[in-house]
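One-letter residues, chain by chain:
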Amino acid sequence: MITSTLLYGLLALSSTGAAKPRPTYTTYSVVPGIFQQDDPATDAATFNFTAANFGLIARDYPSDAPHDKTKKTQWQRLAQHIKTLNKHAPKAERYALLFLGRHGEGYHNAAESYLGTPAWNCYWSELDGNGTHTWADAKLTTQGVAQALLVKSFWAHLLKTEKITPPQSFYTSPLWRCLDTARLTFTGLALPPHAPFTPIIKENFREGISAHTCDRRRPRSAIHAAFPTFRFERNFAETDPYWRALFAEQPQTQDVRSKVALDDVFATDRSTVLSVTSHSGEIASLLRVLGHREFRLATGASLPVLVKVTAMWGEGPPARTVPAKAQRTCAVPPTIRDSSCNDCLCCL
Ligand SMILES: *[C@@H]1O[C@H](CO)[C@@H](O)[C@H](O)[C@H]1NC(C)=O
Ligand SMILES: *[C@@H]1O[C@H](CO)[C@@H](O)[C@H](O)[C@H]1NC(C)=O
């Protein structure tokens with residue numbers, strides 16, 4: 001039952017405002033050979049995006065003019081390449097550069113490291129906190145703030161030295177750790193006056209909706225009070241419509257709403273460079289929808305993807321969702337790092 005409610009809600013969130021299928025559907029693919037991260041040979045666990053110029057591959061593009069290599073940076077030439085791709089693309093196609101950024105470390109990340117994943121998943125994650133720390137809609141730790149500021153100085157370097165084209169649109173998950181990461185990363189950068197940092201809060205860029213309290217968002221009014229310059233997408237509800245105690249959204253359903261989010265962005269936004277501040281699990285889902293290989297991001301890390309967006313005629317394959325699953329929970333607090341707690345049966 002939750003599934004049909006969820007799906008209806010998701011469809012209602014799309015820009016058409018109606019649950020009717022559109023005459024066209026959208027497909028996504030990754031343009032290969034631009035960034036190291038989509039090459040299977042690149043190890044996500046050791047990859048350092050700030051040391052590697054965001055993973056941008058040093059190469060020639062067909063759009064390079066004879067002296068561009070000495071006169072222009074790799075990022076300037078990439079911008080020219082994307083512009084040329086768009087100029088020659090058939091009407092139903094477009095190319096866009098997405099920067100998918102994961103939030104900095106939150107109190108829920110710190111708690112999971114401290115307690116161990118089994119004990120965290122089985123018990124502690126379902127509480128609001130432990131008396132010392134709160135992890136319901138977790139805020140950033142000191143380390144998380146430092147990570148976001150590091151990414152800010154990286155962007156400042158890219159803008160000044162590498163002449164990168166900055167995002168023209170900014171999107172963020174409604175969860176606090178993302179709102180704050182986006183604010184810390186992009187506020188005060190030398191962005192062009194015609195494309196300032198005015199992010200849009202988008203429900204469907206939130207993390208997978210598990211029974212963990214870190215996946216339950218605050219009311220719209222509380223978000224607005226703390227982030228007054230951020231805008232809300234249309235129909236953004238006051239109270240969290242989706243989080244439900246002890247139920248977990250399944251990955252397949254998450255991918256359906258990730259596609260709704262992307263479809264909605266590309267149906268309403270003509271920008272070529274877009275930034276999305278989101279979560280580990282949600283970025284993994286967006287990558288599945290985009291057809292990018294799995295690439296796990298550490299807290300505070302960011303990943304660029306050059307995407308080809310194609311409008312197809314017809315209704316497209318059906319969006320298959322599955323019901324949210326009841327999550328097993330422990331009646332008794334497991335001890336810290338209790339590995340026998342893995343499937344939560346230990347405490348039943
Ligand atoms: C990544 O490289 C930068 C230097 O470009 C360094 O300052 C930073 O500590 C490195 N990050 C990690 C996680 O190793
Ligand atoms: C709560 O968890 C944090 C780690 O997230 C830990 O440092 C702190 O000691 C814990 N407090 C209690 C009362 O267990």
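Residues numbered from 1 in each chain as written. Chains lettered and ligands numbered in written order. Predicted model: local features only at pLDDT ≥ 70, side-chain atom pairs only at ≥ 80, totals over all residues. Heavy atoms only, no water.

Enquirer: How should I be thinking about the overall build of the chain in this particular structure?
Expert: Within the chain, the regular secondary structure consists of 10 helices and 9 strands. Split into buried and exposed, the 348 residues of the chain put 51% on the buried side. Pairs at least 24 apart in sequence give 78% of the contacts found in the chain among residues at least 6 apart. Carbon and sulfur atoms make up 57% of the accessible area of the chain, which totals about 16,200 Å². (Helix = DSSP H or I, 4+ residues; strand = E, 2+ residues; numbered from the N terminus. Buried < 20%, exposed > 50% of the residue type's maximum accessible area, 1.4 Å probe, protein only. Contact = heavy atoms within 4.5 Å. Areas by Shrake-Rupley, 256 points an atom, 1.4 Å probe, with all protein chains shown as cover.)

Enquirer: What am I meant to see in the pattern of salt bridges here?
Expert: In a structure, side chains of opposite charge can pair up when their charged atoms sit close to one another. Overall, the coordinates contain 18 salt bridges when judged by the stated rule. Close ionic contact of Glu93 with Lys308 constitutes a salt bridge, the shortest N to O distance being 3.8 Å. Within this pair, whereas Glu93 is found in strand β2 (residues 93-102), its partner Lys308 is found in strand β8 (residues 302-313), the two being separated by 215 residues in sequence. In this structure, Asp263 engages Lys259 in a salt bridge whose closest nitrogen and oxygen atoms are separated by 2.9 Å. Taken together, the residues span about one helical turn, with Asp263 and Lys259 both in helix α9 (residues 251-268) at a distance of 4 residues. A cluster of three or more residues bridged by salt bridges with shared partners is formed by Asp60, Asp64, Lys69 and Arg77. (Salt bridge = Lys/Arg side-chain N within 4 Å of Asp/Glu carboxyl O.)

Enquirer: How do you make sense of the site of ligand 2 when you look at a structure like this?
Expert: Taken together, Ala111, Tyr114, Asn130, Thr132 and His133 make up all the residues around ligand 2. At 2.3 Å, a side-chain N or O of Asn130 approaches an oxygen atom of ligand 2. One nitrogen or oxygen atom from the side chain of Thr132 is found 2.8 Å from a nitrogen atom belonging to ligand 2. Its free accessible area being 370 Å², ligand 2 has 63% of it covered by the protein chains. The residue inventory of the shell around ligand 2, partitioned by class, reads 2 nonpolar, 3 polar and no charged. (Near = heavy atom within 4 Å. Polar contact = N/O pair within 3.5 Å; in protein donor to acceptor, adjacent residues only side chain to side chain. Nonpolar A, V, L, I, M, F, W, Y, C, P; charged D, E, K, R; others polar.)

Enquirer: It is not clear to me how the packing of aromatic side chains should be interpreted in this structure. Could you clarify?
Expert: Pairs of aromatic rings are described using the distance from one ring centre to the other and the angle between the two planes. With the rule as written, the count across this model stands at 22 aromatic pairs. Judged by centre distance (5.9 Å) and plane angle (45 degrees), the rings of Tyr28 and Phe266 are tilted. Pair noted here: Tyr28 is in strand β1 (residues 24-30) and Phe266 is in helix α9, with a separation of 238 residues, a long-range link. Given the relative accessible area of 9%, Phe266 is considered buried. Their ring planes at 70 degrees and their centres at 5.0 Å tell us that Trp176 and Phe227 sit as a pair that is edge-to-face. One end of the pair, Trp176, is in helix α7 (residues 176-186); the other, Phe227, is in the loop between α8 (220-226) and β5 (231-232), and 51 residues separate them in sequence. Pair check on accessibility: Trp176 and Phe227 agree, each one buried. Above the face of the Phe232 ring, Arg220 is positioned so that its terminal group lies 4.3 Å from the ring centre. (Phe/Tyr/Trp six-rings, centres within 6.5 Å; stacked < 30°, edge-to-face > 60°. Lys NZ or Arg CZ within 6 Å of the ring centre and 35° of its normal.)

Enquirer: In this structure, what is going on with the layout of surface pockets? I would like to understand it.
Expert: In this structure, the second largest pocket spans a volume of roughly 770 Å³. In this structure, the second largest pocket is lined by 31 residues; those nearest its centre are Asn121, Glu207, Ser210, His212 and Asp215. If you list the elements that add at least two residues to the lining of the second largest pocket, you get α4 (107-115), α5 (117-122), α9 and α10 (280-290). Tallied by class, the residues present in the lining of the second largest pocket amount to 7 nonpolar, 14 polar and 10 charged. (1 Å grid on protein atoms, 1.4 Å probe; cavity = no way out; pocket = protein on both sides within 12 Å on 5 of 7 lines; lining within 4 Å. Points joined across faces, edges and corners; volume = space filled by probe spheres on them.)

Enquirer: Sorry if this is basic, but what is going on with α4 here?
Expert: Think of an α-helix as 3.6 residues a turn; residues three or four steps apart then line up on the same face. Among the residues of α4, His108, Asn109, Ala111 and Leu115 are the ones counted as buried. Angular distribution of buried residues about the axis of α4 spans 165 degrees; they occupy a single face of the element. Of the surrounding elements, those touching the buried residues of α4 are β2, α5 and α7. Two residues or fewer past α4, Gly116 is found with a positive phi of approximately 90 degrees. (Arc of directions from axis to C-beta.)

Enquirer: Got a minute to help me understand the environment of Ala284 in this structure?
Expert: With respect to the helices and strands, Ala284 occurs in helix α10. Residue Ala284 is classed as partly exposed on the basis of its relative accessible area of 22%. Along the backbone, Ala284 and Ser258 are 26 residues apart, and their C-alpha atoms lie at a distance of 9.9 Å.

Enquirer: What is the right way to look at the sheet that holds strand β4 (residues 200-201) in this model?
Expert: Read across the sheet, 7 strands follow the order β1-β8-β2-β7-β3-β4-β5 without closing on themselves; strand pairing throughout is mixed. The sheet is open, and its two edges are formed by β1 and β5, each paired on a single side. Pairing geometry for strand β3 (residues 169-172) and β4, over 2 bridges, is parallel. Bridge pairing links Tyr171 to Ile200 in β4. Set on the sheet, α10 makes contact with β1, β2, β7 (273-278) and β8; between it and β2 the angle comes to about 160 degrees. (Pairing = 2+ DSSP bridges. Axes fitted to C-alpha atoms, helices over the stretch in contact; angles between N-to-C directions.)

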